[in-house]
Amino acid sequence: MNGKSMRRAAFVLLSACFIGAGCVTINIYFPAAAAEKAADRIIDEVWQLKGGATVPAVKPETK
Amino acid sequence: MCRQRRWRGSVAAIVALLLAAAGYARQFTLDIDDVSGAGFSARGIRAVYANGGVGLQIGALTLGTQSWKNIRLDCAALSLARERIACDDGWLTVADKIPISFSYEAGMRVLNVALKPGKHESWSLILQPGARGNDLVVRIDGGRIERLAAWLPPDLPKPGAGVVNGGIRYGSDGRMAATLAVSGAAFSDASGLHAGEKIDLSLVASAAPAAGRLRWAAELTWSGGEVFWQPVYLKSARQQLTVGGTLDAKGVRIERGALHYPDIGSMAFSGNYSIDTHKLTDGNFSAQSIPFAPLYQTILRPFLADSSLSDLHTGGKVSAVVRVDERGLQSMDIRLDDVSLEDRTQHRFALSGMSGSVPWHAREQTQASLTVAGGELLKMPLGRFAIALGMNGMRFELKPLRVPLLDGYLDVRDFAARAGSASWYWQFSGDIGGISMDRLTAALGLPVMHGTLAARIPLVRHIQSSLRVDGVMNLKVFDGEIEAKNLVLLDIFGKAPRVRADVNLRNLDLELLTRTYSFGTITGRIDAHIGGLELVNWQPVKFDVKLISSPGDYPRKISQAAVQNISALGGAGAAAAIQRSFLQFFEQFGYDKLAWNCKLENGICDMSGVEDRPPGYVLVKGGGIPAITVIGYNRKVDWPELLNRIKRVTQGNSPPIVK
Amino acid sequence: MMKLWRMFETLVTMVMMAAVIGASPAVAQANLEINTPGVAALQASMQKRHGELAPLYASGAVGLTRDGNVALRDPAAVPLAQRATANGLVAAENQDRAALYREIARANNHPEWEGDIRNTFAQRWIDRAQSGWYYQSAAGAWVRK
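Below: a short report on this structure. (Residues numbered from 1 in each chain as written. Chains lettered and ligands numbered in written order. Predicted model: local features only at pLDDT ≥ 70, side-chain atom pairs only at ≥ 80, totals over all residues. Heavy atoms only, no water.)

Considering the overall build of chain C
Alright, step 1. Counting its secondary structure elements, chain C contains four helices and four strands.
Alright, step 2. Going residue by residue from the N terminus, the α and β elements of chain C occur as α-α-β-β-α-α-β-β.
Alright, step 3. Here chain C holds 145 residues, and 47% of them are scored as buried.
Alright, step 4. Long-range pairs, those at least 24 residues apart, make up 53% of the contacts in chain C between residues at least 6 apart in sequence.
Alright, step 5. Accessible surface computed for chain C: about 6,900 Å², of which carbon and sulfur atoms make up 59%. (Helix = DSSP H or I, 4+ residues; strand = E, 2+ residues; numbered from the N terminus. Buried < 20%, exposed > 50% of the residue type's maximum accessible area, 1.4 Å probe, protein only. Contact = heavy atoms within 4.5 Å. Areas by Shrake-Rupley, 256 points an atom, 1.4 Å probe, with all protein chains shown as cover.)

Concerning the pattern of salt bridges
Residues and elements named next belong to chain B.
Alright, step 1. Tallied over the full model, the rule gives 37 salt bridges over all chains.
Alright, step 2. With its nearest N and O atoms 3.2 Å apart, the salt bridge here joins Arg144 to Glu146.
Alright, step 3. Look at Arg144 and you get partly exposed, because its relative accessible area is 34%.
Alright, step 4. Between Glu483 and Arg506 there is a salt bridge, with its nearest N and O atoms 2.6 Å apart. Taken as a pair, Glu483 in strand E35 (residues 480-490) and Arg506 in strand E36 (residues 498-509) lie far apart in primary sequence, 23 residues in all.
Alright, step 5. Residue class for Glu483 comes out buried when judged on its relative accessible area of 15%.
Alright, step 6. Taking relative accessible area as the criterion, Arg506 reaches 35% and is therefore assigned partly exposed. (Salt bridge = Lys/Arg side-chain N within 4 Å of Asp/Glu carboxyl O.)

A few points about the interface of chain B and chain C
Alright, step 1. Listed as interface residues are 20 residues of chain B and, on the opposing side, 17 residues of chain C.
Alright, step 2. Carbon and sulfur atoms make up 58% of the area that chain B and chain C hide from each other, which totals about 1,600 Å².
Alright, step 3. Summed over the three residues of chain B that lose the most area to chain C, namely Phe228, Lys495 and Arg498 of chain B, the buried surface amounts to 31% of that side.
Alright, step 4. At the junction of chain B with chain C, the criterion picks out three salt bridges.
Alright, step 5. Linking chain B to chain C there are three residue pairs in polar contact (both at pLDDT 80 or more).
Alright, step 6. Listed by contribution, the elements that provide at least two residues to the side of chain B that touches chain C are strand E14 (194-210), strand E15 (213-229) and strand E39 (539-549) of chain B.
Alright, step 7. For the side of chain B that touches chain C, the class distribution of residues is nine nonpolar, six polar and five charged. (Buried area = accessible area lost by both parts, 1.4 Å probe. Polar contact = N/O pair within 3.5 Å; in protein donor to acceptor, adjacent residues only side chain to side chain. Nonpolar A, V, L, I, M, F, W, Y, C, P; charged D, E, K, R; others polar.)

Comments concerning a nonpolar patch on the surface
Residues and elements named next belong to chain B.
Alright, step 1. Together, Leu247, Tyr273, Ile275 and Leu280 line one region of the surface with nonpolar side chains, adding up to about 280 Å² of accessible area.
Alright, step 2. You can see Tyr273 is positioned in strand E19 (residues 265-274).
Alright, step 3. For Tyr273, a relative accessible area of 34% gives the class partly exposed. (Patch = residues over 30% accessible without salt bridge, like charges linked within 9 Å, V, L, I, M, F, W, Y side chains within 5 Å.)

Describing the state of the cysteines
All names here are of chain B.
Alright, step 1. Applying the stated criterion across every chain yields a total of two disulfides over all chains.
Alright, step 2. Note on cysteine connectivity: Cys598 is disulfide-linked to Cys605, with sulfurs 2.2 Å apart. The two residues Cys598 and Cys605 agree in class, both being buried. (Disulfide = S-S within 2.5 Å.)

Looking at the sheet that holds strand E3 (residues 134-136) of chain C
Residues and elements named next belong to chain C.
Alright, step 1. Strand order in the open sheet made by the four strands is E2-E1-E3-E4, with mixed pairing throughout. A strand with exactly one partner marks an edge of an open sheet, and here the two such strands are strand E2 (70-72) and strand E4 (142-144). For this sheet, the mean angle separating the axes of adjacent strands, direction not counted, is 40°.
Alright, step 2. Summarising the sheet, E3 and E4 pair through three bridges and their orientation is antiparallel. Each bridged residue has a counterpart across the sheet, and for Gln136 the counterpart in E4 is Trp142.
Alright, step 3. Contacting strand E1 (62-64) and E2, helix H3 (residues 80-107) runs over the sheet at an angle of about 160° to E2. (Pairing = 2+ DSSP bridges. Axes fitted to C-alpha atoms, helices over the stretch in contact; angles between N-to-C directions.)

Comments concerning helix H2 (residues 32-46) of chain A
Alright, step 1. Taking 1.5 Å per residue, 15 residues should reach 21 Å; H2 of chain A reaches 21 Å between its end C-alpha atoms and fits that length.
Alright, step 2. Within H2 of chain A, burial applies to Ala34, Ala35, Glu36, Ala38, Ala39, Asp40, Ile42, Ile43 and Val46 of chain A.
Alright, step 3. Residues of H2 of chain A that are buried make contact with helix H2 (37-59), H3 and helix H4 (114-127) of chain C.
Alright, step 4. Directly beyond the C-terminal end of H2 of chain A, a positive phi value near 55° is found at Gln48 of chain A. (Expected span 1.5 Å × (residues − 1).)

Let's talk about the packing of aromatic side chains
Alright, step 1. The final tally for this structure, using the stated rule, is 13 aromatic pairs over all chains.
Alright, step 2. Centre to centre, the rings of Phe187 of chain B and Trp229 of chain B are 6.4 Å apart; their planes meet at 55°, and the pair counts as tilted. Taken together, the residues span a long stretch of sequence, with Phe187 of chain B in strand E13 (residues 176-188) and Trp229 of chain B in strand E15 at a distance of 42 residues.
Alright, step 3. Given the relative accessible area of 42%, Trp229 of chain B is considered partly exposed.
Alright, step 4. An angle of 40° between the planes, with centres 6.4 Å apart, marks the rings of Phe292 of chain B and Tyr296 of chain B as tilted. In this pair, Phe292 of chain B and Tyr296 of chain B are both assigned in helix H2 (residues 292-300), four residues apart and thus about one turn of the helix distant.
Alright, step 5. For Phe292 of chain B, a relative accessible area of 12% corresponds to the buried category.
Alright, step 6. On the accessibility criterion, Tyr296 of chain B (2% relative accessible area) is buried.
Alright, step 7. Taken together, the aromatic side chains of Trp47 of chain A together with Tyr57, Tyr101, Phe121, Trp125 and Trp133 of chain C make up a single cluster linked through ring pairs.
Alright, step 8. Seen from the ring of Tyr409 of chain B, Arg402 of chain B lies directly overhead, with NZ or CZ sitting 3.7 Å from the centre. (Phe/Tyr/Trp six-rings, centres within 6.5 Å; stacked < 30°, edge-to-face > 60°. Lys NZ or Arg CZ within 6 Å of the ring centre and 35° of its normal.)

Don't take any of this as a statement about function, it's just geometry.
Structure below.
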């Protein structure tokens, strides 16, 4: 009886953990560095900045 | 009125006092707090006479909607004689200091005022006795247009460079005549989207009182320069506007108006403009037999930028009669005469020989009828057809329509369109039938396919840049059937249209299909289910395809070339369970079942076949004599890479890869 | 009945543990997916337009806005006859840019990232602009780079 309710509690706890973890890791986190990398790749293509001769070095981000 | 008379009296008194005082005193000062009249008021007036010079100061002056502060008139040497009062070099200070001269001939009662605000610039005003009072003549020489900026309504573009020359005469009998020439004028608003440069205009206008109204006429000719009025750009070509009508307290009436636009044609118009409501209460516009090509190029095209009508070859003539009242556009009766449209760069469509009438009315049910002599749709020729379009305000309904397409037809049914608040809603359903695949594929520049094409198009609805298909779209091709369900097209006219659908293929004749592409021949039939198909920019990004031999009894043969090509699809890592010697002896092999499953996600195709045969899976399961079994070993393949392989193989140029 | 419930519990627990363990590292090292046909189509369209936009950036007629768009900041720098074209280029570019930000967010299964992606791009367009081009500062003023 006791074991069963413990197991059930663990199940509930784990569910909460999963839901909580799911929220935190998936919904709020925005990969800023990856987005910058992606933006730079697209900007390279659109503006034809191959080689980066005229491109200033990437500024360190404060984010 | 009473007030006005009072200040007139007082001014006369002031002048008399001033003159009298000048006789006796060396110095004299006069202060007036407030003077006002119809449309004007002046406050804080001070006149000073000292040492033969005169100074007049006005603290604040309001004239119409304009007001100025601290205006000064200084005349160092005022010559005062019995017959003539004159100031040859005075200064008028209104923000800037402007040289002014004036004279009054007492005997002839002529007042002459000249302002010379700039070099080679003079604005002069002559007031002299006429038939029933005073005649006013204004002469402008080299008048800079920018001086008018303050007088214009603030929402109009501001004038910049340019000068005006000419004269305006306003007679005591109420007759008015003006001849003005503007040259090198420029104007622009802050956004630069309404601007003109180097504009030369000439205006001849006249007016005369008639039965309590003013009868007027004007002719405006645009002889130089260019104008950009978002989105239209116009160059001068001696466009001419001739207008005549009447004016009274209630409004402006245009009895006859004509706009002549060289190379396009003429438009006649008339109407009433209410001064109270600032609205066109009744306007009629009519243009007959206007050549469509220059009309499209100059006027219509800028409005159609970014649409599929933005770059057309056009021809024919159009006529239009348009009626407007205070509620807006009331009716538009358009007639087309042998009009043609052709998508110039992308060749998506062409319509030729369009004739007929479109009698649109805002509040009445009418019907447009047009005949189209022919055309092209996606390079497929269209035959002659007639359009009967029911119109009721902004609702349109098309009578069932059959358009001859290649050797078959396209039927359009249930077409209805209406204007929503932000965009158009439209829908239709239809059928395509009797089109031979040979001709269709030739017209589309595809590899030649055989058989006939028939398709049923269920109700397609266009809602806010997406197309939704209710029901099942059905295509009969390759002697089988293709069905598309849950079809949604998003952002359909955008750069990256998205399509979602579930597609079923039933009983397709593989021989018809494979003969098309130089794939080698496979005889037999297939079924396929493509679930969760998602295309972006018409390329698949996600699907789950299950392709398998159709059930039933039919010959199942696969040619040597096809076997080699299927093997080639496996790429370098794949191996076919076939022997070179075996292949050399037979042109054709029998098979029992073929299957190909591919689940595409994130650019990776996860493949399987008829059944697993570790470490591979069976793509073609042998049967009959001689039998052949093809086994694939690569389960995960990069989708773009697979596409490249299929392209190489179907182009038939690649040497057969048999190891 | 009890057995069924226990089996269900175990199963769900296992799946969830797997999800928690499996999901975290995958998300943490996320790389944004930009190799989609949608992104490719928009990128190609913008690249083609850049040939016409580049002289407008150089003349200062068009500048980069702080919100990841472009704007006709000095129409007077464009002759009247080309002003409609310039205006059209700006409108089309902004349409493509909006679609690009949306498409990247969608391709990564996070439509709600669209705003963040736009902000990231806004900064990078400006950081990588050529000297002489105009951009909008955070306060909204036009600055020549």
